[in-house]
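What follows is each chain in one-letter form.
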Amino acid sequence: MLRLANKPNALQQVSTAIMIICNSREYIFIHLHKTGGSSLEIAVEPTLKWNDLLLGSTPIGEELDKYYLKKFKLHKHSSLSEVLATCENPNFHNYRYLSIVRHPLERALSLFRFISGIIDKYSINTGLTLPELSQDYDNSKHLFWPLQWPAGEAYIKATGDLNEFFKQDALKRERAMKTQYSQLALGSNLPEQLRIIKLEELASCKNVISDYTGKTLAIPHENKSSPGKACIESLSEHSLGHLREIFAEDYLAFNYA
């Protein structure tokens, strides 16, 4: 039987995910998981006006995210097609769209680092080991809500092993493991008014951001994680092949080698 050692302050995780509907400048920013959206948010947020919608990232944005998710099924990681279908605003089809994409392997590894940081800290603070949590997962998942995320379930059942993590069926339900292309496409194509920035080139795209916001902005590099053991070299041949197969359309659509 697991020890119910869920300490009140075991972890306070601050989300930096954000989705922006900027009516004042007529653009929509779609934040894909693990693509550096928080860096852009820090730069862009001061330029937003009273009639612009920001979901996630800031304290107000997080509260709005809860309300919009419950009321309208719209949230900080909604896809472009979900935003357009939910809002039913014909003007949005004339807006410009903006998003950041990332090398598929680095994005998948970033998800692993993100969830491992949360759960490993919870494990240390509560004294519950990963094998203990895995052995009685049906009960342990109720102790801490990130354990119920598909990525959290995968991490627990893989007991923290990188290559076992990507074998877990739970990741089939994980939005962060969907292709970036599928989150940005309308029908079977990317819309013409969509501007894509590669995370690897974000620092050199100040002019692109300024074109959307109307101001020259500095783009910081926030939430930069240390690869540690979760680097491409740590992936087995099976994991590499599996991930390349999952994200095949991202490699093709965004010219990643």
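For the structure, see preceding data.
Cut-off values and rules
- Residues numbered from 1 in each chain as written.
- Predicted model: local features only at pLDDT ≥ 70, side-chain atom pairs only at ≥ 80, totals over all residues.
- Heavy atoms only, no water.
- Buried < 20%, exposed > 50% of the residue type's maximum accessible area, 1.4 Å probe, protein only.
- Helix = DSSP H or I, 4+ residues; strand = E, 2+ residues; numbered from the N terminus.
- Pairing = 2+ DSSP bridges.
- Core = buried A, V, L, I, M, F, W, Y, C linked by side-chain atoms within 4.5 Å.
- Contact = heavy atoms within 4.5 Å.
- Axes fitted to C-alpha atoms, helices over the stretch in contact; angles between N-to-C directions.

Caption draft 1: Structural context of the pairing of strand β4 (residues 96-101). Among the six residues in β4, five count as buried, and that is most of the element. As paired elements, strand β2 (residues 27-30) and β4 share four bridges and run parallel to each other. Paired with Tyr27 across the bridge in β4 is Arg96. Here β4 runs beside strand β5 (residues 194-198); their pairing, made up of five bridges, is parallel. Counterpart to Tyr97 in the pairing with β5 is Leu194.

Caption draft 2: Spatial organisation of the nonpolar core. Core analysis: the largest hydrophobic core is formed by 55 residues, its most contacted members being Ile28, Ile30, Phe165, Phe166, Met177, Leu235 and Leu243. When residues of this core are assigned to their parent elements, the largest contribution, nine residues, is made by helix α4 (residues 104-126). Counting residues in hydrophobic clusters, the runner-up holds 19 residues, among them Phe29, Cys205, Ile209 and Tyr212.

Caption draft 3: Quick peek at the environment of Ser116. Here Ser116 lies in helix α4. For the pair Ser116 and Gly160, spaced 44 residues apart in the sequence, the C-alpha separation amounts to 7.1 Å. Leaving out residues up to four positions away in the same chain, Ser116 has contacts with Lys121 and Tyr155.

Caption draft 4: Just the sheet that holds β2, in detail. If you walk across this open sheet you meet the five strands as β3-β1-β2-β4-β5, and the pairing is mixed. Two strands bound the open sheet, and with one partner strand each, they are β3 (53-55) and β5. If you compare each strand with its neighbour and ignore which way they point, the axes differ by 10 degrees on average. Where strand β1 (residues 19-22) and β3 come together, three bridges link them in antiparallel fashion. When the bridges of β3 are listed, Ile20 appears paired with Leu54. Strand contacts of helix α3 (residues 80-87): β1, β2 and β4, with the helix running at about 130 degrees to β2, the strand carrying the most contacts.

Shape descriptors only; they carry no functional weight alone.
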